[in-house]
Amino acid sequence: MTTALPATQAPATDAHALTGKRRIAFASYVDENYLPGFLTLLRSLALSNPGVCEDFVVLYDDLRPGSIARIRALHPRIVLKRVGDTHYDSYKKGDQDNYLVRKAYFILDVFRIREYDTIITLDTDMVVLSDLSELLKLREGLAAVPQFFYGQHKLNSGLLVIQREYLSDEFCARLDRCGRSGDYELDKHDQGILNAVLDGDFVRLDPRYNFVKRRLSGDLPVPEDTAILHFTGRHKPWQGGEAGYSQAEERWREFELSDADFQSAYLASSGGLHHDLVVHFGTPHVRRTGDVEVARKVAAAHIANGDYQDAVDVLSGVRIPLDEAWPHEVLGHALMSVSRYEEARAQLLLATAAPNRAATAYARLAQMAWVHGDNTESLRYATAGITVDPTHRSSRLWAQRAGAVPSQERGSAEDQLAHVAFYMDRQGNAGDKLLPETVRLAFDPDVTSRRWHSVHAHRLFDEAALERVNARRGLVIGGGGLFIPDTMPNGNSAWQWNVPDELLNRIDVPIAVFAVGFNAFDGQSYRANRFRDSLLQLVERSAFFGLRNHGSIEKVRAMLPSRLHDKVRFQPCPTTVMRQLVAGWQDPVQRENTILINAAYDRAGLRFGHDYGYFLAQMAQAVRDLGKLAEVQCVAHSLDDEKIAFDLRREHGISLPVIPMYDFENDQIRELYARTKLVIGMRGHAGMIPFGVGTPVISLISHPKMAYFLRDIERPEWGVSVHDRHLAARLVERASDLLADHAKTVADVHGRQQELWKVTEANAADLRVILGS
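Residues numbered from 1 in each chain as written. Predicted model: local features only at pLDDT ≥ 70, side-chain atom pairs only at ≥ 80, totals over all residues. Heavy atoms only, no water.

### Considerations on the overall build of the protein chain
Part 1: Along the backbone of the protein chain there are 32 helices and 23 strands.
Part 2: For 773 residues, the compact-globule formula gives about 28 Å, and the C-alpha radius of gyration of the protein chain, at 29 Å, lands near that figure.
Part 3: Looking at the protein chain as a whole, 59% of its 773 residues qualify as buried.
Part 4: Sequence separation of 24 or more characterises 72% of the internal contacts of the protein chain that already satisfy a separation of 6 or more.
Part 5: For the protein chain, the accessible surface area stands at approximately 30500 Å², while carbon and sulfur atoms represent 48% of it.
Part 6: Charge centroids of the protein chain, computed over 90 positive and 100 negative side chains, lie 2 Å from each other. (Helix = DSSP H or I, 4+ residues; strand = E, 2+ residues; numbered from the N terminus. Rg over C-alpha atoms; globule rule 2.2 N^0.38 Å. Buried < 20%, exposed > 50% of the residue type's maximum accessible area, 1.4 Å probe, protein only. Contact = heavy atoms within 4.5 Å. Areas by Shrake-Rupley, 256 points an atom, 1.4 Å probe, with all protein chains shown as cover. Lys, Arg positive; Asp, Glu negative; His and termini not counted. Charge placed at Lys NZ, Arg CZ, Asp CG, Glu CD.)

Right under this line is the structure:
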């Protein structure tokens, strides 16, 4: 039986469309004459903003292949767009071979780009001297620096920050009409059309973001706060320059570097380097020099990106001295992430010789021992890590996990189901803590070891584990978004269950994949074929394969041959039907007048991009306004979730009570969510658990899975992107609507839940046949 939404309700799976995360790009028009300036611009951007790596759109019409190669060497995310001559002809203005004319029409070409939400244009005669984060955070209007000589109502177009509403057919039509009419200043090609259309209606930026060379006439020094220096005029630095501007041209020549010198300069930069830039510049540097420290940085960047084999390759290609502990530790981390455990162990033992890396190395050794089922060895390594550094959190976590007394199984094997899940530690994520128990409730009211044999997904599934599973009635795989590549990476499956193909294929009891989610973030992907191959075998071997939302279904089907598509069916997360599963459940007679807010901070860069400051300011306003409706409290699923309370207090003077749900037992989690009036949550289970106990929810969408769930229950309006331009107003408006007639809203939640329960009941009938219960 396959359950699906009507075709009209099928969810989009484009992560950007679901999360609303802003896509930002830089853009320039480049030709052969101005190529030297553009190469210098790219170097200056990377050296002045080493943590920034957005797409860079290059509009061109005559670049040679060698020139394009030189451009690509200086930026890993170059997007080439060839511009044609057809629309130049229609204007009949000026010499079409004149660069200034072509650059004028570059403005028109930029406004025709539709792939981005924000585009920042840079002229090829600019250099970037300092931080541009203020420009990256701009979210509204069209921003530019006013002209210095021609009046504040006009802009200089060398630097434009263009938002989505201007990247439209309507605005392009206005520019085209102006161009055809000739109603603009012919002697100012690079801004004439745009100024004529805007007529002063633009956001004014500080002159330091487009500081024109002419302001330095008389050889004046460049002001220290200059962010972008613009070499306006006919004489460009790469053409010999112009008398009276030597100090300005010295700043330009700081970035006139060979590729080798530029790579070295970037890799020596202080502060947070962007992992894509480290890989792009560091890889050729390591090939050329064999530099071990740079190889370590490149490998660490690969690990941050989930490219574990690439990390192994780059460090395996250099000679690491025995006393260089940090590269050994990073190589050990990469090797264990691709399941080359013995090699990893050797590297990590070498790393323990250095006091500053020993605790981390011991923690990784403890993790590997635990993965292999050796709690004694794991505890020994974790204790060594604590001895080196008593404050080392990871060592303490592994000591707790390895030192925990395993529960004794009370049932006979033939009466049990084996259950692969992520079993969360004490003080771990509250949603993941509740999940395995809830999955079991969907099969049996007895969730204890009388009926269940636990198989931790992160432990290596070996011969002994296979024997134990095959002695049971069947195998259930479920308990969260197990299809994610980096929570506990391994080379056997490339998803959370550490199972080699050969052992997966020898499981001879029925396999039921139950309510698993495809959990890749916006901007995260599965890069290895290993995941696809493991997924294919899992689907082929499964008697039941149910995913928890239709978005996950579409993602997984896209990776499978068409013959297997019908095997992939919808099985809602059991937390969403909690009221139906918990024996003797009673809805609360009375609820507390509270609104609970949850925010998540794992993979914060993927969640917020450049918008965290905006998100926090909007949440501050929302909390003030929501406080007029009910008492607002912060609910933390994990320790990191408390950050929103700290940041609101520090940045905006707002104090929120914090509920440490990570310390709660499962019954406490359900009870707390059942007795509040509304939950505004960013974590998946900060939406699904309260919904499952009958409480209205609003999702703060920073991950596609939130939108997937809301589409499945046909209430997409219950979600607001963390990037929404009117986040605070929308949250307050929707909260007010849901609270205005709370009984009606709760009844709606119950009705939506009933639809999910019907699917679960239908699947349960099939599972009873499959598992023989």
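The structure having been displayed, the exposition proceeds.
### What to know about a negative patch on the surface
Part 1: A cluster of acidic residues, Asp131, Glu134, Asp206, Glu224 and Asp225, forms a negative patch on the protein surface.
Part 2: Assignment of secondary structure puts Glu224 in the loop between β9 (211-212) and β10 (228-230).
Part 3: According to the relative accessible area criterion, Glu224 is exposed, its value standing at 83%. (Patch = residues over 30% accessible without salt bridge, like charges linked within 9 Å, V, L, I, M, F, W, Y side chains within 5 Å. Salt bridge = Lys/Arg side-chain N within 4 Å of Asp/Glu carboxyl O.)

### Some remarks on the pairing of strand β16 (residues 544-547)
Part 1: Of the two faces of β16, the one holding Phe544 and Gly546 and the one holding Phe545 and Leu547 are both buried throughout.
Part 2: Here strand β15 (residues 511-518) pairs with β16 via 3 bridges, running parallel. Within the sheet, the bridge partner assigned to Val513 lies in β16 and is Phe545.
Part 3: In this sheet, strand β17 (residues 568-570) lies alongside β16 in parallel orientation, the contact comprising 3 bridges. Each residue of the ladder has a partner; that of Phe545, found in β17, is Val568. (Pairing = 2+ DSSP bridges.)

### Quick word on the side chain of Asp432
Part 1: Structurally, the position occupied by Asp432 is in helix α19 (residues 430-441).
Part 2: As a buried residue without a salt bridge, Asp432 has its nearest oppositely charged side chain in Arg683, at a separation of 6.5 Å.

### With respect to helix α11 (residues 275-289)
Part 1: Here α11 spans 20 Å end to end across 15 residues, near enough to the 21 Å set by a 1.5 Å rise per residue.
Part 2: Among the residues of α11, those classed as buried are Asp276, Leu277, Val278, Val279, Phe281, Gly282, Thr283, His285 and Val286.
Part 3: The secondary structure elements touched by the buried residues of α11 are α2 (35-48), α3 (65-73), α10 (259-267), α12 (292-304) and α13 (308-316).
Part 4: Note on α11: the residue one or two positions beyond its end, Gly290, has a positive phi of about 70°. (Expected span 1.5 Å × (residues − 1).)

### Digging into the sheet that holds strand β2 (residues 55-60)
Part 1: Taken together, 7 strands build an open sheet; the order of strands is β3-β2-β1-β4-β7-β6-β8 and the sheet is mixed. Strand pairing shows two members of the sheet lacking a second neighbour, β3 (78-82) and β8 (203-204), which therefore form its edges.
Part 2: The sheet contact formed by β2 and β3 spans 5 bridges and is parallel. Bridge pairing links Phe56 to Ile78 in β3.
Part 3: Taken strand by strand, α2 contacts β1 (24-29) and β2, and its axis lies near 170° from that of β2.
Part 4: Contacting β2 and β3, α3 runs over the sheet at an angle of about 150° to β3. (Axes fitted to C-alpha atoms, helices over the stretch in contact; angles between N-to-C directions.)

### Observations concerning the side chain of Ser337
Part 1: For Ser337, the position within the fold is in helix α14 (residues 325-337).
Part 2: Discounting chain neighbours no more than four positions away, the residues touching Ser337 are Tyr308, Pro489, Asn490 and Gly491.

### Considerations on α12
Part 1: With 13 residues, α12 should reach 18 Å at 1.5 Å per residue; the first-to-last C-alpha distance of 18 Å fits that figure.
Part 2: When we look at burial in α12, the residues that qualify are Val292, Val294, Ala295, Arg296, Val298, Ala299, Ala301, His302 and Ile303.
Part 3: Structurally, α12 contributes buried residues whose contacts are with α10, α11, α13 and α14.
Part 4: Of the residues one or two after α12, Gly306 is the one with positive phi, at around 80°.

### Regarding the environment of Ser44
Part 1: Looking at where Ser44 falls in the secondary structure, it is placed in helix α2.
Part 2: Measuring from C-alpha to C-alpha, the distance between Ser44 and Leu538 comes to 49 Å, with 494 residues separating the pair along the chain.
Part 3: Those residues in contact with Ser44 that sit more than four places away from it in its chain are Val127, Val128 and Phe255.
Part 4: In this structure the side chain of Ser44 is engaged in a polar contact, spanning 2.9 Å, whose partner is the backbone nitrogen of Val128. (Polar contact = N/O pair within 3.5 Å; in protein donor to acceptor, adjacent residues only side chain to side chain.)

### Section: the confidence of the model for the protein chain
Any segment with low pLDDT has predicted coordinates that should not be analysed in fine detail.
Part 1: When the pLDDT values of the protein chain are averaged, the result is 90; 92% of them are 70 or greater.
Part 2: In the model, residues 1-11 has pLDDT below 50 throughout and makes 21 contacts with residues more than four positions away in sequence or in other chains.
Part 3: Low pLDDT (under 50) marks residues 88-97, which in the prediction has 23 contacts with non-local residues, meaning those over four places away or in another chain. (pLDDT = per-residue confidence, 0-100.)

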